[in-house]
Structures are given as structure tokens and as C-alpha cells.
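# Fold and geometry: a report
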Amino acid sequence: MKSNTHLLGGVVAGAAYKAFTDVPPETLQHELTFFGAAVLGSLLPDLCHPGSYLGKKTVFLSKTISKTFGHRTITHSWIMILLLCLLPQWIDWRFEETLSIGLVVGVLSHLVLDAATSRGIQLLYPLPIRFRFPFYTKTGSKTETNIASLLGLIAAVLMIHLYIVSLF
């Protein structure tokens, strides 16, 4: 999937997490940290691809990960999720748990979307088993564009529900 689809997936996943876990909205800084982390997390797994949006911003790191592990391996696996779950233990910041949860939610949205592509993902890396949905699409296709549009609509509805409807 392309970065815009992943970004929308991160927003949807973040809003769905907030809506379905009954976590009430907190301070503006808290909410911005959570959604910023979800959006960053939605792009993070593509660090392994130097041509990706995030890969172009972190060329040395991206090329190193790509040469060492390959594309859609370690950054698209349980290892990435575990590292992000452990993140609060490594940093001392007021919102470390919010940051970690947001990143994990975003990464999970990325993995689900990439599992809907023909290449799939190596969720159990280093095992060479690829996971892919029985229905899948090609990156950049008209189907992906339709998925991105649907995600945008879902994101708008969820955000309106979370931050406007819930006020009344």
C-alpha cells in the first residue's frame, strides 16, 4: 500500500481504538501525542523500503534495514510490535504509554493493510511464512484508491463521533 493509504489507516485504527476501548478524550496534548504516534506508526514498518515515504526521510537507516533484513520482514513482524510495546520502559516522558500504544495501533494498521496486498507480510519473521488475506490487491491500483477513500470516510465519521457527538 502507498503512504496515503497507510496514513488514513493509522487515523482509522487510532480512532477505532479510542471509540471501542471507551478511553475518554484526555488533554489536547495527550490526544495529539496519541494520534501523531498512530500516524507515525502507520508509516514505520516501511523503514525497510528506501523508496517509501519514511525511507526517503531516513536514507541511511532505511538502506541498512533493507540490506540486513529485506523488505516486509522484521519491520512487518511481531518483533516490531514487541519493541514498541517495550518502548515505555526505555523512555521517561509524561506520555510514554500513550506514545507506545499509538505507535502499536499504527503499526498494526499498517500490517493489516499490507496483508491485503499480493506480497503479504512475514508476521512470524524470521520464519519465512507469508501472511496474506484471501482477497488482496496490488499497491497503487484502483482498488487501493477505493480502500483509501473508504478509510478517509471512516476516519471522518469516527473522529466526528469521538470529538463532536460525544460532547452532547
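The model shown is predicted, which means the values in this text are computed figures rather than measured ones.

Packing of helix α2 (residues 28–43) against helix α6 (residues 96–114) leaves a shortest axis separation of 6 Å and a crossing angle of 35°. Helix-helix and strand crossings are classified by hand; for α2 and α6 the assignment is right-handed. Within the contact between the two elements, α2 uses H30, T33, F34, A37, A38, L40, G41, S42 and L43 and α6 uses T98, L99, I101, G102, L103, G106, V107, S109 and H110. Considering only residue class, the contact of α2 with α6 consists of nine nonpolar, nine polar and no charged.

On to the pattern of salt bridges. As enumerated under the stated definition, the model contains two salt bridges in all. Among the ionic pairs, E31 bridges to K18, the shortest N-O distance being 3.0 Å. In this pair, E31 is assigned in helix α2 and K18 in helix α1 (residues 3–20), connecting sequence segments 13 residues apart. Overall, the relative accessible area of 6% leaves E31 in the buried class. Overall, the relative accessible area of 5% leaves K18 in the buried class. Between R72 and D114 there is a salt bridge; the shortest N-O distance is 3.4 Å. With R72 in the loop between α4 (59–69) and α5 (78–90) and D114 in helix α6, this residue pair connects regions lying 42 residues apart in the sequence.

Scanning the entire structure with this criterion turns up five aromatic pairs. On the numbers, 6.2 Å between centres and 85° between planes, the contact of F69 with Y125 is edge-to-face. On the criterion of sequence distance, the pair formed by F69 in helix α4 and Y125 in the loop between α6 and α7 (142–163) is long-range, its members being 56 residues apart. Given a relative accessible area of 16%, Y125 falls into the buried group. Note on F133 and F135: the rings are 5.4 Å apart at their centroids and 10° apart in plane angle, and the pair reads as stacked. Ring-pair connections join several aromatic residues into one group, and the members of that group are Y17, F34, F35 and Y163. The ring of F34 carries K18 above its face, with NZ or CZ at 4.8 Å from the centroid. Cation over ring: R132 sits above Y136, and NZ or CZ is 3.9 Å from the ring centre.

All right, on to the side chain of H6 then. Note on placement: H6 falls in helix α1. H6 sits in the buried class, given a relative accessible area of 1%. In terms of polar contacts, H6 uses its side chain to reach the side chain of H110, at 3.3 Å. Leaving out residues up to four positions away in the same chain, H6 has contacts with M1, S42, L43, D46, S109, H110, L113 and D114.

With 22 residues, α7 ought to run about 32 Å at 1.5 Å a step, and its terminal C-alpha atoms sit 32 Å apart, in line with that. Residues of α7 that are buried sit in contact with α1, α2 and α6.

Within the secondary structure layout, G51 lies in the loop between α2 and α3 (53–57). Given the relative accessible area of 42%, G51 is considered partly exposed. Along the chain, G51 and S62 lie eleven residues apart, while their C-alpha atoms are 8.8 Å from each other.

The rules behind these values
- Residues numbered from 1 in each chain as written.
- Predicted model: local features only at pLDDT ≥ 70, side-chain atom pairs only at ≥ 80, totals over all residues.
- Heavy atoms only, no water.
- Axes fitted to C-alpha atoms, helices over the stretch in contact; angles between N-to-C directions.
- Helix = DSSP H or I, 4+ residues; strand = E, 2+ residues; numbered from the N terminus.
- Left-handed = near helix turned anticlockwise from the far one by under 90°.
- Contact = heavy atoms within 4.5 Å.
- Nonpolar A, V, L, I, M, F, W, Y, C, P; charged D, E, K, R; others polar.
- Salt bridge = Lys/Arg side-chain N within 4 Å of Asp/Glu carboxyl O.
- Buried < 20%, exposed > 50% of the residue type's maximum accessible area, 1.4 Å probe, protein only.
- Phe/Tyr/Trp six-rings, centres within 6.5 Å; stacked < 30°, edge-to-face > 60°.
- Lys NZ or Arg CZ within 6 Å of the ring centre and 35° of its normal.
- Polar contact = N/O pair within 3.5 Å; in protein donor to acceptor, adjacent residues only side chain to side chain.
- Expected span 1.5 Å × (residues − 1).

Worth remembering: the numbers are spatial, not functional.
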